[in-house]
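These are the residues of each chain, in order.
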Amino acid sequence: MFIEYLPGETLLHRLDVRTKMLGFLGLIIISFLFQDPKYQLLIVSVTGLLAFWIKIPLQKIRGMLIPLIPIIISIILITGFTFAPGRFDYVSSQRILFYALPGERLGATVGGFMMGSTFIFRLFSMMIASSVLILTTSMDDFTQFFQKMKMPVEVSMMLTTAIRFIPTLDKKRRQILEAQRARGTKFNEKGIIGSIRSYIPIMVPLFINSIMMANSLSMAMLNRGYGLTRTWTSMREIVFAPRDYWVMSFIVLLITLSFFVRFRLQLGVL
Amino acid sequence: MKNLGIEQQELQLSAWNVKRLSIMAIFIALSAVGALIKIPSPVGSIGMDSAPGFFCALAFGGLTGAIVIAFGHLLTAAVVGFTLTIPVHLYVALQMALWAAAYRWVNEKLGLIPAVIVGIVLNGVVSAFAMLPMLGMGGVLALLPFLVVGATLNVIISALAYKAIKGSRLI
Amino acid sequence: METLENEIRQVAICLKNLSYRYPNTVEPSLKNISLDVEKGKFILIMGSTGAGKTTLSLCLNGLIPQLLEGKLTGGVRVAGKDVGKTAVQSLSKVLGLVLQDPETQIIGRRVEEDTSFGPRNFLVPLEEIKQRVNQTLEKVRLQGYNHRLSEELSGGEKQRLAIAGVLVMEPEILVLDEPTSELDPAGRSEIYATLADLRRKKDLTIILVEHSSEELIYKADEVVVLNQGELVWRGVPSELFRNLPLLRQWGIKPLPVSQIGWYFYEKGWITLAEIPLDIPSAEGLLRKLLPKYGHWQGHLQGQAQRQMQVPVPPDQGFGSGQSKDGLFRHELHLSKKAIAVQLKDLNYQYNSDQTALRGINLMIEAGEFVALIGRNGAGKTTLAKHFNGLLKPTSGEVIIEGMNTLKYDTSDLSKIVGYVFQNPDHQIFSATVEKELEFGLKNAGFKGKEIKERVEQVLWYTGLERYRSLHPFSLGKGERQMIAVASILVLKPKVLIIDEPTTGSDWTGVQTMMALICKLHTAGTTIIMISHDMDLVAQYAKRVIVLKEGGILLDGTPKRVFSNEQILLDSAIVPPQLCRLSFQLEDILGPEPFIEASEFTAMFESREQSGCL
Ligand SMILES: Nc1ncnc2c1ncn2[C@@H]1O[C@H](COP(=O)(O)OP(=O)(O)OP(=O)(O)O)[C@@H](O)[C@H]1O
Ligand SMILES: Nc1ncnc2c1ncn2[C@@H]1O[C@H](COP(=O)(O)OP(=O)(O)OP(=O)(O)O)[C@@H](O)[C@H]1O
Ligand SMILES: [Mg+2]
Ligand SMILES: [Mg+2]
């Protein structure tokens, strides 16, 4: 599971959550400015360096990437074939490599494949950046961030509780799976009907247990005074430190620079 | 039975509201866990991430279902790192919320079987075409079978589970 | 005026004609309960499952009727406040309720976060919260755990954290609903010790709902017995526990030593008040009565006699089964020594590099009745999951009825090995009891008539017939446990594994369950039972295996195993009360302990048959 804080003492850990959110937003903007995969590669490398800095366990990255391989391949192929030549500014990008169907239909463009790579790199940097963000920010910080953004307290309570209960429910899922396997349930039945038949014994107990869990959770929350007032004591009031101002200025500078490069110099398009 | 008229001014959240909140929290978490349950299908494995939301819509009301399914989608996406980027996920979450509410509404008006059909059409076909601006026709067609099968499994399982649990005193 | 106020302050809880009916039910769950609890008292609430104990505790802090609807009449006052007119959240400052399942009561991800949840809702300033959290964690012996993830705590630690979460709000009254049901004996004593501590230091009023009683008899000031929603008895614990017929009537487990005492009382040798409730008084009594009435020939001869006793072969008593019992009778074991389970150098590691089992060599013959015991986290469940292939050995081999689990899937093994999990709610999913039982048979590939017959037999066998077309979740937990067992029994397993089958059941439920297991055992099924209830283990198992830190510590007959009191204590196990009694009487009885009341009473009469068979 990704939603876990990775303890550490790096600058990224100590930055204010709002600064990090700004950085994340900046990254999204920059990444959407550019279509050229070279620029995207640069962004991926930067996020990769950040990940390296906070010492993300390598296994995590691998675990994150492997399930995506089919998506990656299909995105590259689909964009390769579906981006009509007219959508590109540069002639080099409009060149058609080959046609998938006879009669010059469904042509694969160079730009299409480059666009596909851009999508992939964009996806990578997004994934890496969100893991970095999540791993270096504690739950309490996120809650405070939601509060500062004027999100209703109920919503942030609901989300933090949901996150807290993911491991508990995952354990339930495993236990239910074991209990049904021990009764001889087979999970390799064919077809949609077969799949439904073999997964109903998992999903129904999961729902039932969740309802029971929710019932006792509501009791536990009431028992401990939840809902008496709409606010609560913050464990740690978040405040900007000088480093936050420095980093924020840097981020803003970077965004401006990117806009300059993209719109004044007209670089990074296909 | 809301609030019982007790100490209205002091109390901000009634017991009933806390219960709703904890149901939503648990089922949102369940959506994230459901994504880990991979059901094999002809178009690749399908996660059970929207079944909890659809189930909530039937069992606890359209609004609850809509909230669960939307936040469930966002949380699931967050767990794998917002694969399709945050704006797209927000767009999808909003759609899902609408579908869950519609599912509940049709169930109330016409019964469970029409609701299942509507749910599958909305979440499978309409959702695929809703991606037209982003992926183009090719993308939509590539997405369609995957979404239809996913919607079929999630919606039918939620309906069957609802039928199985309705007879107990849990809901 | 002041005296009046004082009087109100002295009464912590005051119930007046309280009745309550859950929505969608016909019968009220609480009927006309009136009860006053003085401040600073320790009250024990007992009663069979479904008696209304949980319902009563929910009424005390207003969850009924504020969260659960239904029909409530009568008055509840807690510390002078009318519960009907005060929000649950405000009441929690006065009355802390710890619920049955610790898992869902832990709201925070980390220990500190969880403990501070309550005070934060009351807007207690941060500095004070920190101070209170640390104080409270120390009280429940979790000091230094502040930053641990609550998900990674052990069962006992979770339980104590749940108590801490309530204590930190500094309530005057603490209500606990079965806080120790899944703990090993040592963990249980620790919780009780914590409670006794709190009461002494903070003058808390404590109300404890609990099924087991041995350690609580002298800690509690008073017992309140509920039966089918009515308050049927209240008074000092010792009085209740000397009255065995009453206990039996209400489904409460009697103390083993009192069973011996009751025998003497029936014989007219002692008065009711002389029935012993602890080991020293039982020892004194036996020493006094033995010379007078005993037929005991002196320990030398007795010892010789007992050593000659061969262990009873499991198939004895076979012929006595009724016609329908034939269901579970397997082909007569021609080779008496068929091996059911064989483990060779079994090692197992969870992904997290944590070695859960190390170097286990074990052989279990067909038809044995084995108990696996050990502290929480010793590896019992991990070991048992190897028997049906849910876990595959990291190294070594597991051979079940000649099948190597590495080569077979769990679904194949499920026809031979039945596994009943601790929590029945993990497997029940059908809309009726009958359909639930059919499920396993359909998986195993049986067809129409055969399914019907087997289901019919098992329904009869387990006494679930009258619930056949009801929804399993409209039944109580005890019945659901029975359904879980029944759904495994239809598969006619040769080996039956039961992981803590009786947690949270009342005494009657335990007896029913054990009678069923005994019946199966008699019919030749190999039984492997995991339990924290040493009285049960001593009474029913023929062989006891003690696990410690993933290895086998002791293996032998219950008598042999339980005579190693010191070794067991290291493993958080307290031998059954009667065992400990016979250690005290070692000079008379010899080194091998007695484990059943009938063995003691047998010293006073001609021999009698006893036990499972
Ligand atoms: N939510 C509910 N809806 C309807 N009936 C209920 C509900 N909860 C409990 N009951 C019924 O109320 C009665 C009392 O239940 P309660 O849980 O208080 O028993 P208990 O004494 O705590 O038992 P146990 O020892 O099993 O915990 C039972 O008959 C039970 O079936
Ligand atoms: N899924 C798991 N992943 C990692 N470690 C585990 C897992 N399940 C159990 N363990 C660890 O393995 C050890 C043995 O656990 P096991 O559940 O077998 O104990 P047990 O003897 O059954 O305890 P209890 O009496 O509490 O049921 C414990 O230290 C436990 O923390
Ligand atoms: Mg109870
Ligand atoms: Mg266990």
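Look up a bit, the structure's there.
K.L.:
Tell me about the pairing of strand S18 (residues 526-530) of chain C, and please be specific about residues and values.
P.N.:
Residue and element names in this part refer to chain C. For S18, the tally of buried residues reaches 5 of 5 residues, placing the bulk of the element in the interior. Burial of the side chains of S18 extends over both faces: Thr526, Ile528 and Ile530 are buried on one face and Ile527 and Met529 on the other. Taken together, the 4 bridges between strand S13 (residues 369-373) and S18 define a ladder with parallel strand orientation. Each residue of the ladder has a partner; that of Phe369, found in S18, is Ile527. With 5 bridges joining them, strand S17 (residues 495-499) and S18 adopt parallel strand pairing. Counted as the bridge partner of Asp499 is Ile530 from S18. As a crossover connection, the stretch from S17 through helix H19 (residues 507-522) into S18 is right-handed.

K.L.:
Can you tell me about the site of ligand 2, naming the residues and giving the values?
P.N.:
Near ligand 2 you find 15 residues, and of these Asn376, Gly377, Lys380, Thr381 and Thr382 of chain C are the closest. Among the chains of the assembly, those with residues near ligand 2 are chains A and C. Note that a nitrogen atom of ligand 2 is positioned 3.3 Å from one of the side-chain N or O atoms of Tyr350 of chain C. Between ligand 2 and Ala378 of chain C there is a distance of 3.2 Å, counted from an oxygen atom to a backbone nitrogen or oxygen. Tallying contributions element by element places helix H14 (residues 380-387) of chain C first for the shell around ligand 2, with 3 residues. A breakdown of the residues in the shell around ligand 2 according to their chemical character gives 3 nonpolar, 8 polar and 4 charged.

K.L.:
Tell me what's going on with the nonpolar core, and back it up with residues and numbers.
P.N.:
Across soluble globular proteins, nonpolar side chains have a tendency to be buried as a group. By size, the foremost hydrophobic cluster in this structure holds 200 residues, and its most contacted members are Phe207 of chain A, Phe27 and Phe55 of chain B together with Ile13 and Leu15 of chain C. Per-element tally for this core: the top contributor is helix H10 (residues 191-223) of chain A, with 16 residues. Those residues in contact with Phe207 of chain A that sit more than four places away from it in its chain are Phe27, Leu30, Ala51, Pro52, Phe55, Ala161 and Ile165 of chain B. Formed by 72 residues, the second largest nonpolar core is a distinct cluster that contains Val140, Leu176, Ala220 and Val257 of chain C.

K.L.:
So what's going on with the packing of helix H2 (residues 51-60) of chain B against helix H3 (residues 62-79) of chain B? Residues and values would help.
P.N.:
Residue and element names in this part refer to chain B. Where H2 meets H3, the axes come as close as 7 Å, and the angle between the chain directions of the two elements is 165 degrees. The pairing of H2 with H3 is recorded here as roughly antiparallel in orientation. Crossing geometry of H2 relative to H3 is assigned as right-handed. In this structure, H2 uses Pro52, Gly53, Phe54, Cys56, Ala57 and Phe60 to contact H3, whose residues at the interface are Gly62, Thr64, Gly65, Val68 and Ile69. Partitioning the contact of H2 with H3 into residue classes produces 7 nonpolar, 4 polar and no charged.

K.L.:
Go over the interface of chain C and chain A, please, and point to the residues and values.
P.N.:
Taken together, the contacts link 60 residues of chain C with 50 residues of chain A. In total, about 5,100 Å² of surface goes out of reach between chain C and chain A, with carbon and sulfur atoms giving 59% of it. A per-residue breakdown of the area chain C buries against chain A is headed by Arg109, Arg120 and His426 of chain C, which together make up 15% of the total. Seen at the junction of chain C and chain A, the total is 6 salt bridges. The tally of links from chain C across to chain A stands at 21 residue pairs in polar contact (both at pLDDT 80 or more). For the side of chain C that touches chain A, the secondary-structure elements that each account for two or more residues are helix H4 (88-91), helix H5 (111-121), helix H6 (126-139), helix H7 (155-167), helix H15 (410-413), strand S16 (417-420), helix H16 (433-443) and helix H18 (477-489) of chain C. If you tally residues by element for the side of chain C that touches chain A, the top one is H5 of chain C, at 8 residues. Partitioned by chemical class, the residues of the side of chain C that touches chain A number 28 nonpolar, 23 polar and 9 charged.

K.L.:
I'd like to hear about the packing of aromatic side chains, residue by residue, with values.
P.N.:
The tally for this structure, following the rule as stated, stands at 22 aromatic pairs over all chains. Centre to centre, the rings of Phe259 of chain A and Phe263 of chain A are 5.9 Å apart; their planes meet at 25 degrees, and the pair counts as stacked. You can see Phe259 of chain A and its partner Phe263 of chain A sitting in helix H11 (residues 242-264), 4 residues apart, about one turn around the helix. By relative accessible area, which is 36% here, Phe259 of chain A ends up partly exposed. With a centroid separation of 5.9 Å and an interplanar angle of 25 degrees, the aromatic rings of Phe27 of chain B and Phe55 of chain B are classed as stacked. With Phe27 of chain B in helix H1 (residues 15-34) and Phe55 of chain B in helix H2, this pair connects stretches of sequence that are 28 residues apart. The ring of Phe32 of chain A has Arg122 of chain A lying over it, and the distance from NZ or CZ to the ring centre is 4.3 Å. The side chain of Arg164 of chain A reaches across the aromatic face of Phe165 of chain A, ending 4.2 Å from its centre.

What counts and how
- Residues numbered from 1 in each chain as written.
- Chains lettered and ligands numbered in written order.
- Predicted model: local features only at pLDDT ≥ 70, side-chain atom pairs only at ≥ 80, totals over all residues.
- Heavy atoms only, no water.
- Buried < 20%, exposed > 50% of the residue type's maximum accessible area, 1.4 Å probe, protein only.
- Helix = DSSP H or I, 4+ residues; strand = E, 2+ residues; numbered from the N terminus.
- Pairing = 2+ DSSP bridges.
- Right-handed = clockwise from strand over helix to strand, strands pointing away.
- Near = heavy atom within 4 Å.
- Polar contact = N/O pair within 3.5 Å; in protein donor to acceptor, adjacent residues only side chain to side chain.
- Nonpolar A, V, L, I, M, F, W, Y, C, P; charged D, E, K, R; others polar.
- Core = buried A, V, L, I, M, F, W, Y, C linked by side-chain atoms within 4.5 Å.
- Contact = heavy atoms within 4.5 Å.
- Axes fitted to C-alpha atoms, helices over the stretch in contact; angles between N-to-C directions.
- Parallel < 35°, antiparallel > 145°, perpendicular 65-115°, else oblique.
- Left-handed = near helix turned anticlockwise from the far one by under 90°.
- Buried area = accessible area lost by both parts, 1.4 Å probe.
- Salt bridge = Lys/Arg side-chain N within 4 Å of Asp/Glu carboxyl O.
- Phe/Tyr/Trp six-rings, centres within 6.5 Å; stacked < 30°, edge-to-face > 60°.
- Lys NZ or Arg CZ within 6 Å of the ring centre and 35° of its normal.

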